[in-house]
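For reference, the chains in residue letters:
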Amino acid sequence: METKKRKQKQKRTRRTYKYQIREHPQNMRLGNMLDDLCDVHNHFLRLENRYYRIYGKYAGRYRLQPHLTKLLERTHQHWAWIPRDTLDAVIIRLHIAWERFFDFPGVGHPKFKRKDRYRSAKFQSGYLLEAGRVRLSFKEWDEASERFKFNKRWFSFHQHRDWKGNVRYIQILRDAVGTYWLYIVTDDTSKEVLPATGESVGADFGMETYLTLSNGEKIQSPKFLKQSLKQLRKLYKSLSRKVKGSNNWWRAVREIARLCRHIASQRRDWHFKLATDLCRRFDLIATETLNLDGMKRLWGRKVSDLAFGSFVEILRYKCFKHNRDFRQVGQWTATTKPCSDCGSKNENLTLSDRQWTCPNCGSPHDRDINAAINILRAACGPVVEQM
Ligand SMILES: [Zn+2]
């Protein structure tokens, strides 16, 4: 348990920068590499599954890595054109997936992947970074000398900003549209401390209003998916008219992926702006721990468009960066039913009551604002009575 906590802590100090690799016919090489890594993943997952059937546990990376060495020498030389640590990263990822499968109930069994779903490769060595371009090393089979030689190739990327800190590793990603991205992961922990404002706020997530603040402010979500739904339906319709697997069909698939990417980046942009705005105005920000599964059961697909989970992660990071106090109130803390004026609990409150009057002290309440005030109180100390 302790090691897991340490792992998480280490993770938090990483910072990722994302750059787009410029379109080039040679980007195909990156695609080939990802396809091979997908084979590696599926091959070792098949081994793990067999091991699991026989022994009831997973083999783990310390058994699989020596096995990979043998494979590369004997039967699977066609994988050897990829740097070894990139291959190892696939096994380590699999190892972690099995570890999670065994340690946490509810975590699914590691899955086989389709080539077009396999997205990323990690490079810890065998690369060189310069301003605007990255050189990747590949092993290549040389016919003349009958051995592997290192071959190198530069890929240029759009460096729209500089990265800070020491580079730990890089990742190559392929998204559903077919664009390649370079992720640069550094150990940067620098902060941009904002001046103190002396203000605290509690925030309540909701379906009607995205965020309700304890000062009575209500923030609406632009609902990006809803905005583009008409266009998306049109694209799906045109896809269904095409012959599956044809060139035009693939073009339509990419068109849909492009629109989905657009919606996701709109949402992400709005989340970042909202988080920055909150950090500028408040020293302490308190929210509720989200029960995403429960919300999905209650509200369905609509929750995904709101993406509360990723917003909380962005807010957490922003609070770290700007030196703000970010607190989360436990899922089982009562925040909706108690009156924020006298603390007595209104048991008759149902989900559809947006406005209510406290039966004890008679003060009128807006459901969400009342919850936001209770969240702020609970985050600052156990003031809300548990009855
Ligand atoms: Zn009351």
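Residues numbered from 1 in each chain as written. Predicted model: local features only at pLDDT ≥ 70, side-chain atom pairs only at ≥ 80, totals over all residues.

1. Digging into the overall build of the protein chain
From N to C terminus, the protein chain includes 10 helices and 14 strands. Per-residue burial over the protein chain gives 22% buried out of 387 residues. (Helix = DSSP H or I, 4+ residues; strand = E, 2+ residues; numbered from the N terminus. Buried ≥ 20, exposed ≤ 12 C-beta atoms within 10 Å, placed from the backbone.)

2. Topic: the sheet that holds strand S2 (residues 120-123)
The strand order S2-S6-S7-S1-S5-S4-S3 describes an open sheet built from seven strands, whose pairing is antiparallel. Either end of the sheet is taken by a strand with one partner, and the two such strands are S2 and strand S3 (127-130). Strand-to-strand twist across the sheet, computed as the mean angle between neighbouring axes with direction ignored, equals 35°. As paired strands, strand S4 (residues 133-142) and strand S5 (residues 147-158) are joined by 10 bridges and run antiparallel to one another. Along S5, the bridge assignment pairs Ser137 with Lys152. (Pairing = 2+ DSSP bridges. Axes fitted to C-alpha atoms, helices over the stretch in contact; angles between N-to-C directions.)

3. Description of the nonpolar core
One finds Ala203, Ile285, Ala286, Leu315, Ala372, Ile375 and Leu376 to be the most contacted residues of the largest nonpolar core, which totals 28 residues. Mapped onto this core, the elements with two or more residues apiece are strand S8 (200-205), strand S9 (211-213), helix H6 (247-281), strand S11 (284-288), helix H8 (302-306), helix H9 (308-321) and helix H10 (367-380). Not counting chain neighbours up to four residues away, the residues in contact with Ala286 comprise Gly202, Ala203, Arg327, Val329, Ile375, Leu376 and Ala379. (Core = buried A, V, L, I, M, F, W, Y, C linked by C-beta atoms within 7 Å. Contact = placed C-beta atoms within 7 Å.)

4. Some points on the confidence of the model for the protein chain
Interpretation of this model should avoid reading the predicted coordinates in detail wherever pLDDT is low. Summary statistics for the protein chain give a mean pLDDT of 86 and a share of 95% for residues scoring 70 or more. At the low end of the mean pLDDT range in the protein chain sits helix H1 (residues 2-12), at 49; at the high end sits strand S7 (residues 180-186), at 95. (pLDDT = per-residue confidence, 0-100.)

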